[in-house]
Amino acid sequence: MALSTNCQNPECNKVFQRKNSKKIYCSLNCKNRANYIKFSIENAEEVLWQKKYKKNVKIIDGIFTNGLSKVLKTTLEQVGFDVKYVKSQEKDDNEVIFFEIGNYWLIYLSETEYAIEKINNNERN
Ligand SMILES: [Zn+2]
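Residues numbered from 1 in each chain as written. Predicted model: local features only at pLDDT ≥ 70, side-chain atom pairs only at ≥ 80, totals over all residues. Heavy atoms only, no water.

Caption draft 1: Examining the nonpolar core more closely. One finds Ile60, Val71, Leu76, Phe81, Ile101, Leu106 and Ile116 to be the most contacted residues of the largest nonpolar core, which totals 13 residues. Every element with two or more residues in this core is listed here: helix 2 (44-65), strand 5 (97-101), strand 6 (104-108) and strand 7 (113-118). The greatest single-element share of this core, amounting to 3 residues, is contributed by helix 2. Beyond its immediate chain neighbours, meaning those up to four positions away, isoleucine 60 contacts Leu76, Phe81, Ile101, Tyr104, Leu106 and Ile116. (Core = buried A, V, L, I, M, F, W, Y, C linked by side-chain atoms within 4.5 Å. Buried < 20%, exposed > 50% of the residue type's maximum accessible area, 1.4 Å probe, protein only. Helix = DSSP H or I, 4+ residues; strand = E, 2+ residues; numbered from the N terminus. Contact = heavy atoms within 4.5 Å.)

Here's what the structure looks like:
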């Protein structure tokens, strides 16, 4: 006997008929969407980090692709770059700070300026 129940996808909540009591979603789409929402909530920090990091990579990639190898801190801030979301922060022998962003190093030049360098995996290892 079919029972009516509410779809457990919080964005749907549609009433549907179920034959199997284990069925809690009205469709496969709702099942996937609900799992995605659950994952996003449980991993909110990681999801946010990835999102911000990807944005940073895109910004640096865009600047470098346009032929610039130096960029002002204010310019980066204006386009939404956030230095909190980088893969690693390293110092070389001269105390120069590097940030790893995708395939690039963002190199701290001064209070106001950074250099962008493509990472050459053969060199810097
Ligand atoms: Zn649904």
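Caption draft 2: Spatial organisation of the sheet that holds strand 4 (residues 88-91). Strand order in the open sheet formed by 5 strands is 3-7-6-5-4, and the pairing between neighbours is antiparallel. The strands lining the two open edges of the sheet, one partner per strand, are strand 3 (70-72) and strand 4. Neighbour-to-neighbour, the strand axes of this sheet turn through a mean angle of 30 degrees, independent of strand direction. Of the strand pairs in this sheet, strand 4 and strand 5 are connected by 4 bridges, and their pairing is antiparallel. Within strand 5, the residue paired with serine 88 across the bridge is glutamate 100. (Pairing = 2+ DSSP bridges. Axes fitted to C-alpha atoms, helices over the stretch in contact; angles between N-to-C directions.)

Caption draft 3: View of the domain arrangement of the chain. Examined at the domain level, the chain breaks down into domain 1 (3-42) and domain 2 (45-118). Averaged C-alpha coordinates put domain 1 and domain 2 at centres separated by 41 Å. (Domains from an automatic or database assignment.)

Caption draft 4: Expanded view of the coordination of the zinc ion. Taken together, the protein ligands of the zinc ion are Cys7 (SG), Cys12 (SG), Cys26 (SG) and Cys30 (SG), with distances of 2.3 to 2.4 Å. For the zinc ion, the 4 donor atoms in the first shell make angles of 105 to 115 degrees at the metal, a pattern classed as tetrahedral. Taken in chain order, the donor set of the zinc ion reads C-x4-C-x13-C-x3-C. A residue pair is termed long-range when its members are at least 10 positions apart, and cysteine 12 in the loop between strand 1 (3-6) and strand 2 (15-18) and cysteine 26 in the loop between strand 2 and helix 1 (28-42) qualify at 14 residues. (Donors = N, O, S within 2.8 Å, 3.2 Å for Na, K, Ca; no water. Tetrahedral: all angles 85-135°; square planar, octahedral: opposite > 155°, others 65-115°.)

Caption draft 5: Geometry of the side chain of asparagine 9. Locating asparagine 9 in the fold gives a position in the loop between strand 1 and strand 2. Once residues lying within four places of it in the same chain are set aside, the contact partners of asparagine 9 are Tyr25, Cys30, Arg33, Ala34 and Ile37.

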